[in-house]
Amino acid sequence: ASSFGVKGGSLARAVTKASAAEKAGIQAGDVITKAGDTAVASPRDISAALKAAQAAERATFPVTVVREKRETTLTVTMEPAPSSPRRTRPVSRQE
């Protein structure tokens, strides 16, 4: 992030197509400086802030980014975590 003239933050190297981040307007090359109420110094800070928001069941999440030397705050709409299919194991009976 410092190579972009920004102190702190974490560079968004890629954004997954159709993800909540892309829908919010986050672009590859953005420097994320704040996630929720947390100042961002590394990708771990973003993950921790997102987990806290999910645990609090918040529907939206503010993310501050620097793009082309301009700071802007975007709103990420939280998406429910994909449910994992229930795995069933065959039951063996011994008689």
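Structure: above.
The paragraphs below set out a description of the structure included in this document. (Residues numbered from 1 in each chain as written. Predicted model: local features only at pLDDT ≥ 70, side-chain atom pairs only at ≥ 80, totals over all residues. Heavy atoms only, no water.)

## Here we look at the pattern of salt bridges
Note on pairing: side chains with opposite charge can pair once their charged atoms come close. Under the counting rule described, the total for this entry stands at 1 salt bridge. Two residues, Arg67 and Asp30, come together in a salt bridge whose shortest N-O distance is 2.7 Å. Of this pair, Arg67 sits in strand 4 (residues 60-67) while Asp30 sits in the loop between helix 1 (20-24) and strand 2 (31-35), and the two are 37 residues apart along the sequence. (Salt bridge = Lys/Arg side-chain N within 4 Å of Asp/Glu carboxyl O. Helix = DSSP H or I, 4+ residues; strand = E, 2+ residues; numbered from the N terminus.)

## A closer look at the environment of Arg13
In this structure, Arg13 sits in the loop between strand 1 (10-11) and helix 1. Residue classification places Arg13 among the exposed positions, given a relative accessible area of 74%. Expressed as a C-alpha distance, the spacing of Arg13 and Val31, which sit 18 residues apart in the sequence, is 9.0 Å. (Buried < 20%, exposed > 50% of the residue type's maximum accessible area, 1.4 Å probe, protein only.)

## A few points about the nonpolar core
Core analysis: the biggest nonpolar cluster contains 16 residues, and Ile26, Ile32, Phe61, Val63 and Val76 have the highest contact counts within it. Setting aside residues up to four positions removed in sequence, Val76 forms contacts with Ala20, Ala24, Ile26, Ala59, Thr60, Phe61 and Val63. (Core = buried A, V, L, I, M, F, W, Y, C linked by side-chain atoms within 4.5 Å. Contact = heavy atoms within 4.5 Å.)

## Side note on the pairing of strand 4
Note that strand 2 and strand 4 share 4 bridges and pair antiparallel. If you follow Ile32 over to strand 4, its bridge partner there is Val65. With 8 bridges joining them, strand 4 and strand 5 (residues 70-77) adopt antiparallel strand pairing. Bridged to Thr60 within strand 5 is Thr77. (Pairing = 2+ DSSP bridges.)

## Describing unusual backbone geometry
Positioned with a positive phi, Ala18 is a non-glycine residue whose angle comes to about 65°. Classification of Ala18 by relative accessible area gives partly exposed; the value is 46%. In this model, Lys69 sits at a positive phi of 65°, which is unusual for a non-glycine residue. Along the chain, Lys69 falls in the loop between strand 4 and strand 5. Given a relative accessible area of 80%, Lys69 falls into the exposed group.

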